[in-house]
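# Examination of the molecular architecture
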Amino acid sequence: MAATRRLANTVAVITISHPPVNALSSSVRHALVKEFGEASRDPKVEAIVLNGSGRKFSAGADIREFGTSAIKTVSLEDINSTIEASQKPVVAAIEGIALGGGLELALACHYRVADIQAKVGLPEVLIGILPAAGGTQRLPRLIGVPAALDVIVRGRHIPASEALKLGIVDEVVQGNALDAAIQLARKVIGYPLNKKRLSTVRISSDSNLEDFLDTAVEKAKKQFRGAKAPLACIEAVRASVHLSYHQGLEKERQLFFSLWATGQPQAQQYAFFSEREAGKWTHSSGARWDTEEAKPIRTAAVIGLGTMGRGIVISLSKAKIPVIAIEQDAQQLEVGKKAVNSLLEREAEKLKQQGSVPSSNLGSVHFTLDFGELQDVDLVIEAVYENMELKKEIFRKLSSVCKPDAFLCTNTSGLNVDEIASVTHRPNQVIGTHFFSPANIMRLLEVVRGQQTSLTAIATAMNLGKKLGKVAVLVGNCPLFVGNRMLGPYLEQASYLLEEGYYPEEVDQAMEEFGFAMGPFRMMDLAGLDVGWRSRTEKGLTGAKVPQGTPARQRLGSRYSPLADILCESGRFGQKTGRGWYQYEKPGGRTGKPDPWVKDFLQKYRKTHQIKQQPSNPEQIVERCAFALANEGFRILEDGIASCPEDIDVIYNNGYGWPKYRGGPMYYASSVGLPKVLDTLEKYYKANPDVPSMKPAFLLKKLAALGGPPIKEWRTQVGKPVNKL
Ligand SMILES: CCCCCCC[C@H](O)CC(=O)SCCNC(=O)CCNC(=O)[C@H](O)C(C)(C)COP(=O)([O-])OP(=O)([O-])OC[C@H]1O[C@@H](n2cnc3c(N)ncnc32)[C@H](O)[C@@H]1OP(=O)([O-])[O-]
Ligand SMILES: NC(=O)c1ccc[n+]([C@@H]2O[C@H](COP(=O)([O-])OP(=O)(O)OC[C@H]3O[C@@H](n4cnc5c(N)ncnc54)[C@H](O)[C@@H]3O)[C@@H](O)[C@H]2O)c1
């Protein structure tokens, strides 16, 4: 059923009923027209209340309908106009969510009542479009241009208490919003409605407002580089200032269709559904997310309170899970405790501003040096240094101290989860939980299954990810897992580009213009060049273990770039030392400037090694870096380390700053066309047979030979997920 109507005395209650989120599909819109028309004509009805079933008002338009003919039947804005013009007062009872078209529907009502838990917003920008059922025209008329612009351009989900302050809703109730809405509807019967019809409000413009909008455009260009939707949102809001409501609506429509033509909405909507699909994991045994039960996690522990441990503690605490936090000595414990407490204070402040009580919304954190205190916890996350021997020592301890059914997780960036599990008495309870830095902010969680990891452990870790508000993606165990493994060939290409004549700022600029949050060299400076250097030294790729006589630019018969090693040997570790690929104002500084030292060093290096310079071509930079990423992605699929291309894209969109409006590296390869990707890689590999990472993957060749089928069909060409190692 799409919408139903019942009578509460003289108030008709129309309920949208389209589980799970009451998306306003074509059938819902038809039903709304019918029910609203009947209520309007019914002489017994004096007021109308609109709500949603399942304690959710509505998540907006049915995203699956975009690009189909269904979106064209019964426009939502026509329904909104009819509601707004109603002679009987209409009240929206907002429970749970009123997002996108859901809020636009509520804005057409004359009054809005929300429950305290509700969230409202216009998040269309996050899926590449703009509110296109009058939202960009009604909201500025209700709360003013600056506040509306912030809501629309950022696409935030706004808590009810803030929505009340902004004036988006008229009333917030602790209890039942429907009862409160019915009461309000009765109260306002016979009141004049003119001022409640937002389309009739006029916005007065002045030069300050124009300056404000111009500044917003410049800010959005910088902040959302390359994304078209935020700019379209600003243009639509600008129209609300200059044009009549109906002309503004027409502008909104035009902007919607011109955005659609860019291809960005399709990529972002693919990313939206891919995130949801990632939760629906499958296992080679045939087990799935809906066949396995997760164990509840009532208490947890985190070992190591460094960069990662701190963020993980905060994430757990925000999910109301009490945490025991452990360090190696009193001094480190004190440092960690200070850092965690300061982050917790910030969280508490945010909660207070939202009208929530911090003590009942944050799990407690207990600091200790005593592993003995871990005997009752349900789950432990280890986040000590990336060192196999140290991790094994910790897991031996955990195995003997923790209760037998406790889950033991490692936050390693890429070490062998099976080897870590092998020192415990319960390898089935051991699993990788690879968070991203800062762990309390970044949404990605790679959940790494080992050979012996139980299905319950997988279900529990995936469920924990959801509880922490993360996008959890299940991956197999191989060196560096998925995201970091793909970075290898990408960074390798970036380095080769420097050897061939480019400078760090040129490569970064090209990748940032492509849409990456940060180019490869800025990213390396931020993460610390020493991390990779230590790992290459351990592997014998640099340092004393390299056999005498090895050519500087070759290892194990393949091309090698020693540039990053040379920087590290000069003490240039990136931001932390104030020098890396860039120079910074001070050690720990954030603003990098091109460094003449690097320029000079690169020029000398090229001369020494007689490297032929390439003519400058930013397109080539993007192609080489992005195709190197995608090619490794195809190998990961072949190996069964990721079970589908969508999972890889979710990882890149949420953990590596890939521009969501390009869908992810696999979606990008698909949109460029697999035959073109293959051709480019083939040409490069033919000219550079000593760069094996650019040898086209077998799966890429297979899919290209099939003519490059749509990405949703690739799954059928991929083998069953298996653990490699
Ligand atoms: C000129 C042309 C006219 C254009 C008119 C434009 C009108 C309007 O301006 C455009 C919009 O409203 S655009 C829309 C603006 N609104 C948004 O962008 C809101 C997008 N949604 C969300 O942010 C989150 O889903 C919620 C916060 C709603 C729930 O979060 P949660 O509790 O973690 O749950 P969950 O796991 O996330 O979802 C559960 C299931 O619901 C599914 N589904 C959800 N929303 C859907 C939708 N709108 N549609 C379809 N499906 C939707 C989701 O896929 C999943 O399905 P599955 O098959 O079970 O996997
Ligand atoms: N930093 C990142 O961006 C990042 C991202 C993802 C994963 N990781 C992984 O997370 C792990 C931690 O990395 P980090 O960056 O937080 O390191 P870090 O150096 O910032 O912190 C490690 C912490 O572990 C503590 N520690 C060491 N031995 C201990 C012991 N025996 N008992 C208790 N605590 C001990 C140290 O005192 C230190 O505070 C590593 O495996 C790393 O590869 C790091």
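Residues numbered from 1 in each chain as written. Chains lettered and ligands numbered in written order. Predicted model: local features only at pLDDT ≥ 70, side-chain atom pairs only at ≥ 80, totals over all residues. Heavy atoms only, no water.

An unreviewed UniProt entry lists the chain under the name Peroxisomal bifunctional enzyme, from Pyxicephalus adspersus. Note on the chain: under the UniProt heading Subunit (unreviewed entry), the record states "Monomer." What the UniProt record of the chain gives under Pathway (unreviewed entry) is the line "Lipid metabolism; fatty acid beta-oxidation." (UniProt positions renumbered as here; feature names shortened; annotations may be inferred.)

### Structural notes on the pattern of salt bridges
Considering all chains together, one arrives at 43 salt bridges under this definition. Ionic pairing is found between Lys 604 and Asp 600, a salt bridge with its closest N-O pair at 2.9 Å. Of this pair, Lys 604 and Asp 600 are both found in helix H23 (residues 596-608), four residues apart, which corresponds to roughly one turn of the helix. Since its relative accessible area comes to 53%, Lys 604 is described here as exposed. Salt bridges sharing common partners tie together Glu 499, Glu 500, Arg 553, Arg 559 and Arg 624. (Salt bridge = Lys/Arg side-chain N within 4 Å of Asp/Glu carboxyl O. Helix = DSSP H or I, 4+ residues; strand = E, 2+ residues; numbered from the N terminus. Buried < 20%, exposed > 50% of the residue type's maximum accessible area, 1.4 Å probe, protein only.)

### Points about the nonpolar core
Ile 303, Leu 374, Leu 398, Val 482, Trp 581 and Phe 634 are the most contacted members of the largest nonpolar core, which has 101 residues in total. With residues near it in sequence (within four places) discarded, Leu 374 still touches Ala 301, Ile 303, Ile 324, Ile 326, Leu 398, Val 401 and Cys 402. Of all hydrophobic cores here, the second largest spans 69 residues; its members include Ile 48, Val 120, Val 125 and Cys 233. (Core = buried A, V, L, I, M, F, W, Y, C linked by side-chain atoms within 4.5 Å. Contact = heavy atoms within 4.5 Å.)

### A short note on the sheet that holds strand S13 (residues 379-382)
Taken in spatial order, the eight strands make up an open sheet running S12-S11-S10-S13-S14-S15-S16-S17, and their pairing is mixed. The open sheet has two edge strands with one neighbour each: strand S12 (365-368) and strand S17 (471-476). If you compare each strand with its neighbour and ignore which way they point, the axes differ by 25 degrees on average. Relative to strand S14 (residues 407-410), S13 runs parallel, the two sharing four bridges. Across the sheet, Leu 379 pairs through a bridge with Phe 407, a residue of S14. The strands touched by helix H25 (residues 645-655) within the sheet are strand S16 (444-449) and S17, with S17 carrying the most contacts at an inclination of about 130 degrees. (Pairing = 2+ DSSP bridges. Axes fitted to C-alpha atoms, helices over the stretch in contact; angles between N-to-C directions.)

### Some remarks on the environment of Arg 154
Counting through the fold element by element, Arg 154 comes out in helix H5 (residues 145-154). A distance of 2.9 Å separates the side chain of Arg 154 from the side chain of Asp 150, its partner in a polar contact. (Polar contact = N/O pair within 3.5 Å; in protein donor to acceptor, adjacent residues only side chain to side chain.)

### Quick look at the site of ligand 2
The environment of ligand 2 is formed by 22 residues, the closest being Met 308, Glu 327, Glu 386, Lys 391 and Ser 413. Gly 306 places a main-chain nitrogen or oxygen 3.5 Å from an oxygen atom of ligand 2. Taking Ser 413, its side chain carries an N or O atom lying 2.5 Å from an oxygen atom of ligand 2. For ligand 2, whose accessible area on its own is 830 Å², the fraction buried by protein is 81%. (Near = heavy atom within 4 Å. Areas by Shrake-Rupley, 256 points an atom, 1.4 Å probe, with all protein chains shown as cover.)

### Concerning the pairing of strand S10 (residues 300-303)
Side chains Ala 300 and Val 302 of S10 all project onto a buried face; the interleaved residues Ala 301 and Ile 303 project onto the opposite face, where all are buried too. With four bridges joining them, S10 and strand S11 (residues 323-326) adopt parallel strand pairing. Bridging from a neighbouring strand, Ala 300 pairs with Val 323 of S11. With helix H12 (residues 307-318) bridging S10 and the parallel S11, this β-α-β connection has right-handed handedness. Sheet topology note: the S10/S13 ladder contains four bridges and is parallel. Within S13, the residue paired with Ala 300 across the bridge is Leu 379. (Right-handed = clockwise from strand over helix to strand, strands pointing away.)

### Quick notes on the packing of helix H18 (residues 483-499) against helix H20 (residues 520-527)
Put simply, H18 and H20 touch, their axes get as near as 10 Å, and they point 115 degrees apart. Here H18 lies roughly perpendicular to H20, going by the angle between them. Considering only the axes of H18 and H20, their crossing is left-handed. Of the residues in H20, those touching H18 at Leu 487, Tyr 490, Leu 491, Ala 494, Ser 495 and Leu 498 are Pro 520, Phe 521, Met 523 and Met 524. (Parallel < 35°, antiparallel > 145°, perpendicular 65-115°, else oblique. Left-handed = near helix turned anticlockwise from the far one by under 90°.)

### Re the UniProt feature "domain: 3-hydroxyacyl-CoA dehydrogenase C-terminal" (unreviewed entry) in the chain
The UniProt record annotates "domain: 3-hydroxyacyl-CoA dehydrogenase C-terminal" (unreviewed entry) at residues 481-584 and 621-707. Along residues 481-584, the helical share is 51% and the strand share 6%, with 32 Å between the first and last C-alpha atoms. Measuring from the first to the last C-alpha atom of residues 621-707 gives 26 Å, for a span that is 68% helix and 0% strand.

### What about the domain arrangement of the chain?
If you check the domain split of the chain, you get domain 1 (3-262), domain 2 (293-475) and domain 3 (501-608). When each unit is reduced to the centre of its C-alpha atoms, the spacing between domain 1 and domain 2 is 40 Å. (Domains from an automatic or database assignment.)

### Quick notes on the packing of aromatic side chains
Scanning the entire structure with this criterion turns up 20 aromatic pairs. Here the aromatic rings of Phe 256 and Trp 260 are separated by 6.4 Å at their centres, their planes lie at 10 degrees, and the arrangement is stacked. Note that Phe 256 and Trp 260 are positioned in helix H10 (residues 245-262) at a spacing of four residues, about one turn of the helix. Classification of Phe 256 by relative accessible area gives buried; the value is 11%. An angle of 35 degrees between the planes, with centres 5.3 Å apart, marks the rings of Phe 634 and Trp 714 as tilted. Placement of Phe 634 in helix H24 (residues 618-638) and of Trp 714 in the segment after helix H28 (698-705) is noted, with a sequence separation of 80 residues between them. Trp 714 carries the same exposure label as Phe 634, and that label is buried. Put simply, the rings of Tyr 490, Phe 514, Phe 516, Phe 627, Trp 658 and Tyr 668 touch in pairs and so form one group of aromatic residues. Cation over ring: Arg 559 sits above Tyr 496, and NZ or CZ is 3.8 Å from the ring centre. Seen from the ring of Tyr 503, Lys 599 lies directly overhead, with NZ or CZ sitting 5.4 Å from the centre. (Phe/Tyr/Trp six-rings, centres within 6.5 Å; stacked < 30°, edge-to-face > 60°. Lys NZ or Arg CZ within 6 Å of the ring centre and 35° of its normal.)

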